[in-house]
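Understanding the architecture of this molecule
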Amino acid sequence: MNVSDLLTETYDRLPDLVRAAVEGLSPEQLRHETAPGHNSIGWLVWHLTRVQDHHVADVLDAQQIWVSGDWADRFGLTADPDNTGYGHSPAQVATVRPESAQALIDYYGAVASRTGKFLAGLRPADLDRVVDEGWDPPVTLGVRLVSVAEDDLQHVGQAAYVRGLLETG
């Protein structure tokens, strides 16, 4: 298996996981906190999508999907390209208000589509390109892509867990 196929296999699992975590939930369920200050399903899926959108747009030197169209409006937010949810306080988490599960599915789908096209063209040598010199050691494309996948998989798992609590609670 080549590196492009391996990364594609990893990222291609996420859309179904996102859909399973949110499909059929009401806006209220998407915003439900299991305890005060806990991350909601809607925030978790929005955040994992924002991180992927932000980081992939950066390595492509392209505009984030978030700032095009009406994505931000569908979440009750402004189209701030720097707002990925990283470091959000509980009050900030509560401001993420997806209008529906479909808004989360659609936004993730748009981001995943762009990521998939990018991954399809990768060559092994591409993974050694430094994409962020703000760290020591500098971050390569390969490290960034693994980091995004790891973050997304953790958060979608958390969203699925919270959904399970909602359904059994």
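The preceding data block contains the structure.
Residues numbered from 1 in each chain as written. Predicted model: local features only at pLDDT ≥ 70, side-chain atom pairs only at ≥ 80, totals over all residues. Heavy atoms only, no water.

1. As for the pattern of salt bridges
Where charged atoms of side chains with opposite charge meet at close range, the side chains can pair. Counted under the stated rule, the structure contains 10 salt bridges. A salt bridge links R13 to E9, with the nearest nitrogen and oxygen atoms 2.8 Å apart. A relative accessible area of 36% places E9 in the partly exposed class. Among the charged side chains, a network of salt bridges with common partners joins R50, D53 and R114. (Salt bridge = Lys/Arg side-chain N within 4 Å of Asp/Glu carboxyl O. Buried < 20%, exposed > 50% of the residue type's maximum accessible area, 1.4 Å probe, protein only.)

2. Observations regarding the environment of L30
Within the secondary structure, L30 sits in helix α3 (residues 27-31). For L30, a relative accessible area of 0% corresponds to the buried category. Between the alpha carbons of L30 and H54 there is a distance of 22 Å; along the sequence they are 24 residues apart. Beyond its immediate chain neighbours, meaning those up to four positions away, L30 contacts V22, L25, S40, I41, G42, W43, P98, S100, A101 and L104. (Helix = DSSP H or I, 4+ residues; strand = E, 2+ residues; numbered from the N terminus. Contact = heavy atoms within 4.5 Å.)

3. A short note on the packing of aromatic side chains
Following the criterion strictly, the structure yields six aromatic pairs and no others. Their ring planes at 55 degrees and their centres at 5.6 Å tell us that W66 and F75 sit as a pair that is tilted. In terms of burial, W66 and F75 fall into one category: buried. Put simply, the rings of W43, W46, W66, W71, F75 and Y107 pair up and form one aromatic cluster. (Phe/Tyr/Trp six-rings, centres within 6.5 Å; stacked < 30°, edge-to-face > 60°.)

4. Considerations on the nonpolar core
Ranked by size, the top nonpolar core spans 46 residues in total, and within it V22, F75 and L145 carry the most contacts. Residue assignment for this core shows that the elements contributing at least two residues are α1 (3-12), α2 (14-22), α4 (41-60), α6 (101-120) and α7 (141-168). No other element matches α6, which puts 10 residues into this core. Sequence-distant contacts of V22, that is, excluding residues within four places in its chain, are made with L30, I41, V45, A101, L104, I105 and R163. (Core = buried A, V, L, I, M, F, W, Y, C linked by side-chain atoms within 4.5 Å.)

5. A short note on the environment of E167
Examined against the element boundaries, E167 turns out to sit in helix α7. Classification of E167 as exposed rests on a relative accessible area of 55%. Within the structure, E167 has its side chain in polar contact with the side chain of R163 (distance 2.6 Å). (Polar contact = N/O pair within 3.5 Å; in protein donor to acceptor, adjacent residues only side chain to side chain.)

6. Some details on the packing of α2 against α4
At their nearest, the axes of α2 and α4 sit 10 Å apart, and the two run at 160 degrees to each other. One way to sum up the angle between α2 and α4 is to call them roughly antiparallel. For the pair α2 and α4, the crossing hand works out as left-handed. Residues L14, V18, A21 and V22 of α2 form the contact with α4, whose participating residues are I41, V45, L48 and Q52. For the contact of α2 with α4, the per-class residue count stands at seven nonpolar, one polar and no charged. (Axes fitted to C-alpha atoms, helices over the stretch in contact; angles between N-to-C directions. Parallel < 35°, antiparallel > 145°, perpendicular 65-115°, else oblique. Left-handed = near helix turned anticlockwise from the far one by under 90°. Nonpolar A, V, L, I, M, F, W, Y, C, P; charged D, E, K, R; others polar.)

7. Let's talk about the packing of α2 against α7
At a closest axis distance of 8 Å, the pairing of α2 and α7 adopts a crossing angle of 25 degrees. It follows from the interaxial angle that α2 and α7 lie roughly parallel. The crossing of α2 and α7 is left-handed. Contacts from L14, L17, V18, A20, A21 and V22 in α2 reach D152, L153, V156, A159, A160 and R163 in α7. In terms of residue class, the contact of α2 with α7 is built from 10 nonpolar, no polar and two charged.

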